[in-house]
Amino acid sequence: MPDRDRHNRQGRIIALVIAGTGLAWIAAMLAGEALGWSQRTRAFFDLAAIAGFGTAIWMIYGLWRARQQNKD
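Keep in mind the model is a prediction, meaning the values are calculated, not measured. (Residues numbered from 1 in each chain as written. Predicted model: local features only at pLDDT ≥ 70, side-chain atom pairs only at ≥ 80, totals over all residues. Heavy atoms only, no water.)

Asker: For this particular structure, what's the right way to read the environment of Leu16?
Answerer: Note that Leu16 resides in helix H1 (residues 2–35). Placed 40 residues apart in sequence, Leu16 and Ala56 show a C-alpha to C-alpha distance of 9.4 Å. (Helix = DSSP H or I, 4+ residues; strand = E, 2+ residues; numbered from the N terminus.)

Listed below in structure tokens is the structure:
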């Protein structure tokens, strides 16, 4: 049971990373539009969002592997 609680908590953390990355990216795009940022600056935030989502995918893979190991 402790492993299940740990996996559930890790899943919630991953969900927060995904939601936080998405919200931060939307906020950066809105701020860029309002403040007239250059396309280069907006592209930086696009790349940062891709890195955040990539991190979340890596975390999901790690969680999946941990659950596979605990099946037995």
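Asker: Got a minute to help me understand the side chain of Arg42 in this structure?
Answerer: With respect to the secondary-structure elements, Arg42 resides in helix H2 (residues 39–69). Discounting residues that sit within four places of it in the chain, Arg42 has contacts with Met29, Gly32, Glu33 and Trp37. (Contact = heavy atoms within 4.5 Å.)

Asker: Hey, could you run me through the packing of H1 against H2 in this one?
Answerer: Each pair of packed helices can be summarised by the angle the axes make with each other and by the distance between the axes. In the contact formed by H1 and H2, the axes pass within 10 Å of each other and the chain directions differ by 170°. The pairing of H1 with H2 is recorded here as roughly antiparallel in orientation. Its residues placed into classes, the contact of H1 with H2 shows 15 nonpolar, 8 polar and 4 charged. (Axes fitted to C-alpha atoms, helices over the stretch in contact; angles between N-to-C directions. Parallel < 35°, antiparallel > 145°, perpendicular 65-115°, else oblique. Nonpolar A, V, L, I, M, F, W, Y, C, P; charged D, E, K, R; others polar.)

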